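The chain contents come next:
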Amino acid sequence: MMITAAAAEFLQALEAEGRSPHTTAAYRRDLAVFTAFAGPITLDDVTPAMLQRFMADHSVQFAPSGAQRAKASVNRYRVTVKALFAWAAARWIVERNPTSILRCQRHRGLPPVVLDANEMTRLLGFPFVGSNAQRDHALICFMLLTGCRLSETCALDIADIDLDARVAVLRTTKGGDPDRVMLSPTLATILAAHVARCADQRGPLFAAGARRLSTRQVQRIVVARVAEAGINKPITAHSLRHSFATALYNQTGDIRLVQQALRHTHVSTTETYAQVDPIRWRASVASIA
C-alpha cells in the first residue's frame, strides 16, 4: 500500500475510534511531513535507515520559523510514525515493522504555569463586571474546580449537569467514552445560579446568546478575566487544569487520586501536571535538620 493511502486510512480509523479531533489533527500534520519526505513509495519500502534520515531531516528538527524543535516535539514525529506502522502491522498491511529503531528521547520539560492558592482564591471570588460576568465566573470556576479539558467544557449541555448528585457527565472526552466528574458543593451552588439564568434549559451550559461558546471564545474569556482579576501570569484555559491538578496534589499528596481526577491512563502523564508547592517543599527540607 502506498504511504499516502495508508496515512489516509489510518486517520480515518482514528476518527472512527472516536479519537480527539486535536489528536487526529496532530497525527495528520506529522504524517503530511513524513509522506512528503518519503515520496511516492509503499509502506514496505520504508527501511530503518530511511527512518533515521527522516528523524534527522530539517523538517523534523526545525520549525518553519527556523527555530530548533524541542525534544518533545521531535518525539511526536517518532510516536506518529510508530503508530502508523503499528496500525498497518495489526492489519497485515506490512510484512515487517521498521520502526523498532525509533526510540523516544527522554526529556524534562519546564513545569506548567499554574495559579497558587492565593491566586485561585482571588480568581474564584473576583467580582467580574459586564453582562456576561456570571457566565464567565461559572465557566472559570467549573474548569478550575474540576480540571476538565477545554473541549469537554465547551461540549457540556445543561442536561449534563446533575446538581442534586453534584456530578457532570462528559460526553466528549479525550478517550471517546462518556465520563463523570464530581462537583464540589461550592461549584454546584455557582452552577445552579448560572443555570437559573439560562434561557434555554435544554441548551449548552456555556453559551453566547443561543450559540455554544467555541474553544477559541473560552480561551479569550479566560485570558481576559484573569487579567481583570489582576493576576499577572500567562494563564490559559489549559492552565486552569494544571492549577487544579497541582492544588489537588498539594492538598492530598496522592498522585493516584490526581490521576483519577484528571482521567489519565498513565500516572506518568499525571506527574507532569502535579507540582509540589515550593513553600511546602522548603519547609519539608528544613524540618529534616
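Up top is the structure.
Thresholds applied
Residues numbered from 1 in each chain as written. Predicted model: local features only at pLDDT ≥ 70, side-chain atom pairs only at ≥ 80, totals over all residues. Heavy atoms only, no water. Helix = DSSP H or I, 4+ residues; strand = E, 2+ residues; numbered from the N terminus. Buried < 20%, exposed > 50% of the residue type's maximum accessible area, 1.4 Å probe, protein only. Contact = heavy atoms within 4.5 Å. Areas by Shrake-Rupley, 256 points an atom, 1.4 Å probe, with all protein chains shown as cover. Core = buried A, V, L, I, M, F, W, Y, C linked by side-chain atoms within 4.5 Å. Axes fitted to C-alpha atoms, helices over the stretch in contact; angles between N-to-C directions. Parallel < 35°, antiparallel > 145°, perpendicular 65-115°, else oblique. Nonpolar A, V, L, I, M, F, W, Y, C, P; charged D, E, K, R; others polar. Polar contact = N/O pair within 3.5 Å; in protein donor to acceptor, adjacent residues only side chain to side chain. Expected span 1.5 Å × (residues − 1). Arc of directions from axis to C-beta. Salt bridge = Lys/Arg side-chain N within 4 Å of Asp/Glu carboxyl O.

**Quick look at the overall build of the chain**
- Secondary structure assignment for the chain yields 14 helices and 5 strands.
- In the chain, which comprises 289 residues, the share counted as buried stands at 42%.
- For the chain, contacts bridging at least 24 residues in sequence account for 61% of all contacts bridging at least 6.
- Carbon and sulfur atoms make up 55% of the accessible area of the chain, which totals about 16100 Å².

**What about the nonpolar core?**
- In this structure, Leu123, Phe142 and Leu240 are the most contacted members of the largest nonpolar core, which totals 40 residues.
- Elements that contribute at least two residues to this core include exactly α6 (117–125), α7 (133–146), α8 (150–154), β2 (167–170), α9 (185–197), α10 (215–228) and α11 (237–252).
- Counting residues per element, this core draws most heavily on α7, which supplies 8 residues.
- In this view, Leu240 contacts Leu115, Leu123, Ile140, Met143, Leu144, Val222 and Ile235; residues no more than four positions away in its chain are not counted.

**What to know about the packing of helix α2 (residues 21–38) against helix α5 (residues 71–90)**
- Close contact between α2 and α5 brings their axes to 9 Å; oriented N to C, the two are set at 85°. One finds that α2 runs roughly perpendicular with respect to α5. Contacts between α2 and α5 pair Tyr27, Asp30, Leu31, Val33 and Phe34 from the former with Arg76, Tyr77, Val79, Thr80, Val81, Ala83, Leu84 and Phe85 from the latter.
- Grouping the amino acids of the contact of α2 with α5 by side-chain chemistry returns 10 nonpolar, 1 polar and 2 charged.

**Examining the environment of Thr80**
- Considering the arrangement of structural elements, one finds Thr80 in helix α5.
- On the basis of relative accessible area, Thr80 is assigned to the buried category, the value being 3%.
- Contacts of Thr80, omitting those with residues within four sequence positions, involve Tyr27, Asp30 and Leu31.
- A polar contact is formed between the side chain of Thr80 and the side chain of Asp30, at a distance of 3.0 Å.

**What to know about helix α1 (residues 3–16)**
- Across its 14 residues, α1 extends 20 Å between first and last C-alpha, which sits within 8% of the 20 Å expected from 1.5 Å per residue.
- Those residues of α1 not exposed but buried are Ile3, Ala6, Ala7, Phe10, Leu11, Ala13 and Leu14. End-on, the buried residues of α1 take up no more than an arc of 155°, which puts them together on one face. Seen from the buried face of α1, the exposed residues on the opposite side, beyond 90 degrees, are Thr4, Gln12 and Ala16.
- Its buried side turned inward, α1 meets α2 and α5.
- After α1 finishes, the residue Gly18 shows a positive phi value of roughly 80°.

**What to know about the side chain of Ser243**
- Looking at the element boundaries, Ser243 is found in helix α11.
- Within the structure, the side chain of Ser243 is placed 2.9 Å from the backbone nitrogen of Leu115, a separation counted as a polar contact.
- The residues contacting Ser243, other than those within four sequence positions of it, are Val114, Leu115, Met120 and Leu144.

**Topic: the pattern of salt bridges**
- Within this structure, the stated rule accounts for 8 salt bridges.
- In this structure, Asp30 and Arg76 form a salt bridge, with 2.8 Å as the shortest nitrogen-oxygen distance. Residue Asp30 is found in helix α2, and its partner Arg76 is found in helix α5; the two are separated by 46 residues along the sequence.
- Here Asp30 falls in the buried class, since its relative accessible area comes to 2%.
- Ionic pairing is found between Glu152 and Arg149, a salt bridge with its closest N-O pair at 2.9 Å. Comparing Glu152 with Arg149 shows no difference in burial state: the two are buried.
- Through salt bridges with shared partners, one network takes in Arg135, Asp136, Arg225 and Glu228.

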